[in-house]
Amino acid sequence: MKLNNLKMALSALAASLMVVLGAQAQNNQVQVTDASIDGDTVWSADNEYVLEGFVFVEDGETLTIEPGTVVRGKPGSGANASALIVARGGKIFANGTADKPIIFTALDDDLSDPNDFGPGDTGEWGGLILLGKATLNSPEASGTPIQDNIEGIPTTEPRGQFGGTDDNDSSGSLRYVSVRHGGSNIGANNEINGVTFGGVGRGTTVEFIEVFANQDDGFEFFGGTVEAKYLVASYCGDDSFDYDQGYRGKGQFWFTQAAGDRGGEHDGDVDDLNNLPLSNPTIYNVTYLGSGSGSGDALKLRENAAGKYYNSIFAHFGDKAIDVEADIEDSNGNKIGDDPTKDNITSGDLDIRDNIFYSFGSSKANNSSSNAQVFFTETDRNNVFADPQFGNYTIAQGLNPMPQAGSPALESGRDEIADGFFSDVDFKGAFGSVNWAGGWTILVESGYMTDAASGVPNYPLKGAGRISDINLINGGTEMQFSILGEVGKTYTVQSISSLGSSNWSDVQSVSGQGHMITITVPMSDDPEAAEFFRINIQ
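Residues numbered from 1 in each chain as written. Predicted model: local features only at pLDDT ≥ 70, side-chain atom pairs only at ≥ 80, totals over all residues. Heavy atoms only, no water.

Trainee: Explain the overall build of the chain to me, using residue names and the numbers behind them.
Mentor: The helix and strand inventory of the chain stands at four helices and 38 strands. Its C-alpha radius of gyration of 25 Å places the chain within 12% of the 24 Å reference for a compact globule of 538 residues. Along the first, second and third principal axes, the C-alpha atoms of the chain reach 85 × 80 × 55 Å. Taken over 538 residues, the chain has a buried fraction of 53%. In the chain, 68% of the contacts between residues at least 6 apart in sequence involve partners at least 24 apart. Accessible surface, the chain: about 21500 Å² in total, of which carbon and sulfur atoms supply 46%. Taking the average place of the 31 positive charges on the side chains of the chain and the average place of its 75 negative ones, the gap between the two points comes to 4 Å. (Helix = DSSP H or I, 4+ residues; strand = E, 2+ residues; numbered from the N terminus. Rg over C-alpha atoms; globule rule 2.2 N^0.38 Å. Buried < 20%, exposed > 50% of the residue type's maximum accessible area, 1.4 Å probe, protein only. Contact = heavy atoms within 4.5 Å. Areas by Shrake-Rupley, 256 points an atom, 1.4 Å probe, with all protein chains shown as cover. Lys, Arg positive; Asp, Glu negative; His and termini not counted. Charge placed at Lys NZ, Arg CZ, Asp CG, Glu CD.)

Trainee: Account for the environment of Phe 390, with residues named and values stated.
Mentor: Counting through the fold element by element, Phe 390 comes out in strand E31 (residues 390–392). Owing to a relative accessible area of 6%, Phe 390 belongs among the buried residues under this scheme. In this structure, the C-alpha to C-alpha distance between Phe 390 and Glu 207, residues 183 residues apart in sequence, is 24 Å. Filtering out sequence-adjacent residues up to four positions away, Phe 390 remains in contact with Thr 287, Leu 289, Ile 313, Asn 400, Pro 401, Met 402, Pro 403 and Gln 404.

Trainee: I'd like to hear about the pattern of salt bridges, residue by residue, with values.
Mentor: Under the criterion given, the structure shown has 24 salt bridges. When the shortest N-O distance is used, the salt bridge between Lys 320 and Asp 319 registers 3.4 Å. If you follow the salt bridges from partner to partner, you end up with Asp 261, Arg 262, Glu 265, Asp 267, Asp 297, Lys 300, Arg 302, Asp 319, Lys 320, Asp 323 and Glu 325 in one network. (Salt bridge = Lys/Arg side-chain N within 4 Å of Asp/Glu carboxyl O.)

Trainee: Can you lay out the nonpolar core for me, pointing to particular residues and giving the numbers?
Mentor: Ranked by internal contacts, the top residues of the largest apolar core, which has 63 residues, are Trp 43, Leu 84, Ile 92, Phe 104, Phe 219 and Ile 322. Discounting chain neighbours no more than four positions away, the residues touching Leu 84 are Ile 37, Trp 43, Leu 51, Val 55, Val 57, Leu 63, Ile 92, Phe 104, Gly 127, Leu 128 and Ile 129. Counting 32 residues, the second-largest nonpolar core is a separate cluster that includes Tyr 230, Ala 258, Ile 356 and Trp 436. (Core = buried A, V, L, I, M, F, W, Y, C linked by side-chain atoms within 4.5 Å.)

Trainee: Quick rundown of the environment of Ile 537? Include the residues and the values.
Mentor: Its place among the elements puts Ile 537 in strand E38 (residues 532–537). The sequence separation of Ile 537 and Thr 282 amounts to 255 residues, and the corresponding C-alpha distance is 29 Å.

Trainee: I'd love a proper account of the sheet that holds strand E25 (residues 322–324), names of residues and values included.
Mentor: Here we have nine strands laid out as an open sheet, ordered E4-E7-E10-E14-E16-E18-E20-E22-E25, and parallel in their pairing. Unpaired on one side and paired on the other, strand E4 (54–57) and E25 mark the two borders of the sheet. The average undirected angle you get between the axes of adjacent strands in this sheet is 10°. Summarising the sheet, strand E7 (residues 83–86) and strand E10 (residues 128–131) pair through three bridges and their orientation is parallel. Pairing of Ile 85 across the sheet is with Ile 129, part of E10. (Pairing = 2+ DSSP bridges. Axes fitted to C-alpha atoms, helices over the stretch in contact; angles between N-to-C directions.)

Trainee: Go over the pairing of strand E32 (residues 400–403) with me, naming the residues and quoting the values.
Mentor: Residues Asn 400 and Met 402 of E32 are buried on one face, and the alternating residues Pro 401 and Pro 403, pointing to the opposite face, are buried as well. Pairing of E31 with E32 involves two bridges; the strand directions are antiparallel. Looking at E32, one finds that Asn 392 is bridged to Asn 400.

Trainee: Go over the layout of surface pockets with me, naming the residues and quoting the values.
Mentor: Counted as a void, the second largest pocket has a volume near 370 Å³. For the second largest pocket, the lining is made up of 23 residues, of which Glu 151, Glu 220, Asp 242, Asp 244 and Glu 265 are closest to its centre. Of all elements in the fold, only strand E11 (148–149), strand E16 (219–222), strand E18 (241–244) and strand E20 (264–267) reach the threshold of two or more residues within the lining of the second largest pocket. Partitioned by chemical class, the residues of the lining of the second largest pocket number three nonpolar, five polar and 15 charged. (1 Å grid on protein atoms, 1.4 Å probe; cavity = no way out; pocket = protein on both sides within 12 Å on 5 of 7 lines; lining within 4 Å. Points joined across faces, edges and corners; volume = space filled by probe spheres on them. Nonpolar A, V, L, I, M, F, W, Y, C, P; charged D, E, K, R; others polar.)

Trainee: If you had to explain the sheet that holds strand E36 (residues 505–511) to someone new, which residues and values would you point to?
Mentor: Spatial ordering of the open sheet is given by E36-E35-E38, a layout of three strands whose pairing is antiparallel. Each edge of the sheet is formed by a strand with only one pairing partner; in this case those strands are E36 and E38. Across the sheet, the mean angle from the axis of one strand to that of its neighbour is 20°, orientation sign disregarded.

Trainee: Give a detailed account of the side chain of Glu 265, specifying residues and quantitative values.
Mentor: Looking at the secondary structure, you find Glu 265 in strand E20. Here Arg 302 takes part through its side chain, which lies 3.1 Å from a polar atom of the side chain of Glu 265. For Glu 265, the contacting residues outside a window of four places in its chain are Asp 239, Phe 241, Asp 242, Tyr 243, Lys 300 and Arg 302. (Polar contact = N/O pair within 3.5 Å; in protein donor to acceptor, adjacent residues only side chain to side chain.)

In short, shape yes, function no, at least from these values alone.
Right under this line is the structure:
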């Protein structure tokens, strides 16, 4: 009997040790300092990585983060704040999946409990910052080309500079990434945004990114041309989407829930408001939802801002639907000049059409500033005040932002630009019949948004399949094709030595993923040999 009891006790002890050791292996934490990234670095999903202070991916370095990896930031403010910064010339490849997102969060966030940290837990660490070499419009005093120091990083840090002349610059790729509970203060009310893009070029892939409970803005674009799809910003303390300094990228399927202040705050330049290029992105299919009386304007445009919003939904903000500022004021609120933003409406650079507005706190006509009235009085702009008829309006729990049968969001809108970036859809707002935020965002996992109809969207791209760029690389030994790949299509590079022959040979095939893909093929080492290439699409 005693022997059997001993065997049982030893078996139980062994089982408990296996559980403990298994947990340790699953959650092995690697401390990361600024010196930890050297050359090409890979972060594995077998570990958790803890950021200690500012960690830079420097010029010439590459950081690859595997799907399912967890990155944590230590708490701290000022010089002790923690953040991951991809400097100019550095690259990050953080490509998660719908079932294995890459998570950036606070050190003490218990990921086994989706409600451990909630919307009020902000500023627990810094955030994710990408810096590139694309064009800015200000500050001119920085010289030629215009450069600046990114918000959230001390100006004494040279690796915090951004800007240049390469609008096609690539900082890498972000897909299925969730950034939670950031926004630590580095001083003088200067908080870090959830995800910051400083002068990032259009060669960077950005899609399926979440910012949850950030103390400052959710996403901010400082100049540059980066193009982004499927963005979620919720419960952020300031603006959900912010752009300035000449941002000229593209966006589609942007969503905010319970915006802390504005859905979109959009500025022109930081100098005399006359600098070019204008801040002038083109954005389709957003759903910006405020928190009622606790939030500000749906859209605020000022300081010579431009931009285009089409086929979108704006609802439940405590102040105005659209505020186009008329005056330039000093720090004491005294008028010192006229804001030229209104002139961009006349020129067509500021254009807002085919959108739905619903439930605002402003008592002004059309719930908008005087300079913004034209967006509603000119009926050919097709902006309407109407109930978008979501499945559930409850912001705090179980929100369902998908339009139901009979919703005006299911009526035809403005045709998308056929440039291979925009998806061809037949609804307004960020969601149609597929909840693309389900399965990978903490917003859905914690129950603030429904998980109904969760899935990966398969929308056709307008203009997909066109070749964006062809380059000889690595000293002419390889040729690289950049293609806007459509989901469900296979792109095969084929070669032949003589156009008189019909015997094309397959060199390499890549499946379209709904975004930019690259195919690299070797070139003959015989300088006298002729080679011809084509791309077969099936």
